[in-house]
Amino acid sequence: MTAQRQERNGWRPGIAFIGLLAGFAALAGPFFAARAATTEQVIVNRYTGLAIEGYDPVAYFTDAVAELGLPDFEASEAGAVWRFRNEGNRASFVAHPEIYGPQFGGYDPTDLARGVTVAGNPRVWLLAGERLYLFGREETRDAFAADPAHLLREANARWPQLRENLAR
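Residues numbered from 1 in each chain as written. Predicted model: local features only at pLDDT ≥ 70, side-chain atom pairs only at ≥ 80, totals over all residues. Heavy atoms only, no water.

Draft legend 1. Molecular detail of the overall build of the protein. A count of helices and strands for the protein gives seven helices and four strands. Helices and strands in the protein line up, N terminus first, as α-α-β-β-α-α-α-β-β-α-α. Put simply, the protein has 168 residues, and 33% of those count as buried. When contacts within the protein are restricted to residue pairs at least 6 apart in sequence, those whose partners lie at least 24 apart make up 56%. Entry remark: accessible area of the protein is about 10,000 Å², with carbon and sulfur atoms responsible for 56%. (Helix = DSSP H or I, 4+ residues; strand = E, 2+ residues; numbered from the N terminus. Buried < 20%, exposed > 50% of the residue type's maximum accessible area, 1.4 Å probe, protein only. Contact = heavy atoms within 4.5 Å. Areas by Shrake-Rupley, 256 points an atom, 1.4 Å probe, with all protein chains shown as cover.)

Here's what the structure looks like:
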């Protein structure tokens, strides 16, 4: 084997190793991205900074529907940007964010009751006890609706410890 051919063959294991690392990063990337999306105390879109994907939290109460807020009506609360349909909704939220904001920072209370933090989907929601709850899936919403008192007891008991492990 010539010296030139030996040099060329010497690069192949290095290239294979780099390719292997790139493949691992590509596969692991979504796992770490999903985990990063659920490490806030209030769920926020990491690209836009919007809480609950820009849905108006007050509209769930006033219109009984998930409606996107408008960029003209925004407020900052708990490290997140919240959007609203109109100035009245914005004013209501600013006066009482603990009432209108989703409970547990937007995490699914059914999963919290199991000891897991799963981001709620603003399109899968339920009002219970005059509070807004977001759910990751329709199945967890239906389970919650069947026995909210039990699941809220469990979620409230686990929430302080789970919240402690979330980023500030």
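Draft legend 2. Main features of the layout of surface pockets. Empty space within the largest pocket amounts to approximately 330 Å³. If you go around the largest pocket, you meet 18 residues; those closest to its centre are Val 42, Pro 97, Pro 102, Phe 104 and Gly 105. Listed by contribution, the elements that provide at least two residues to the lining of the largest pocket are helix 4 (97–100) and helix 7 (148–164). Residue contributions to the lining of the largest pocket peak at four residues, all from helix 7. Taken together, the residues of the lining of the largest pocket sort by class into ten nonpolar, five polar and three charged. (1 Å grid on protein atoms, 1.4 Å probe; cavity = no way out; pocket = protein on both sides within 12 Å on 5 of 7 lines; lining within 4 Å. Points joined across faces, edges and corners; volume = space filled by probe spheres on them. Nonpolar A, V, L, I, M, F, W, Y, C, P; charged D, E, K, R; others polar.)

Draft legend 3. Region of the structure containing the environment of Ser 76. Relative to the helices and strands, Ser 76 resides in strand 1 (residues 70–77). Measuring from C-alpha to C-alpha, the distance between Ser 76 and Ala 51 comes to 9.5 Å, with 25 residues separating the pair along the chain.

Draft legend 4. Representation of the environment of Ala 145 within the structure. Mapped onto the fold, Ala 145 is located in helix 6 (residues 138–146). Residue Ala 145 is classed as partly exposed on the basis of its relative accessible area, which comes to 44%. Between the alpha carbons of Ala 145 and Ala 128 there is a distance of 8.3 Å; along the sequence they are 17 residues apart.

Draft legend 5. Representation of unusual backbone geometry in the model. Even without being a glycine, Glu 53 presents a positive backbone phi close to 55°. Along the chain, the position of Glu 53 falls in the loop between helix 1 (3–36) and helix 2 (59–62). With a relative accessible area of 43%, Glu 53 lands in the partly exposed category. Phi is positive for Ala 64, close to 55°, though the residue is something other than glycine. Judged by relative accessible area, which is 54%, Ala 64 ranks as exposed.

Draft legend 6. Main features of the pairing of strand 4 (residues 131–135). Burial analysis of strand 4 places four of its five residues in the buried class, the great majority of the element. Two elements, strand 3 (residues 121–128) and strand 4, share five bridges in a ladder whose sense is antiparallel. Among the inter-strand pairings, Leu 127 is bridged to a residue of strand 4, identified as Leu 132. Hairpin connection of strand 3 to strand 4: two residues between the antiparallel strands, including Gly 129 at a positive phi of 60°. (Pairing = 2+ DSSP bridges.)

Draft legend 7. Spatial organisation of the environment of Glu 74. Secondary-structure assignment places Glu 74 in strand 1. Linking Glu 74 and Gly 54, residues 20 residues apart in sequence, is a C-alpha distance of 9.4 Å. Those residues in contact with Glu 74 that sit more than four places away from it in its chain are Leu 50, Val 81, Trp 82, Arg 83, Phe 84 and Arg 90.

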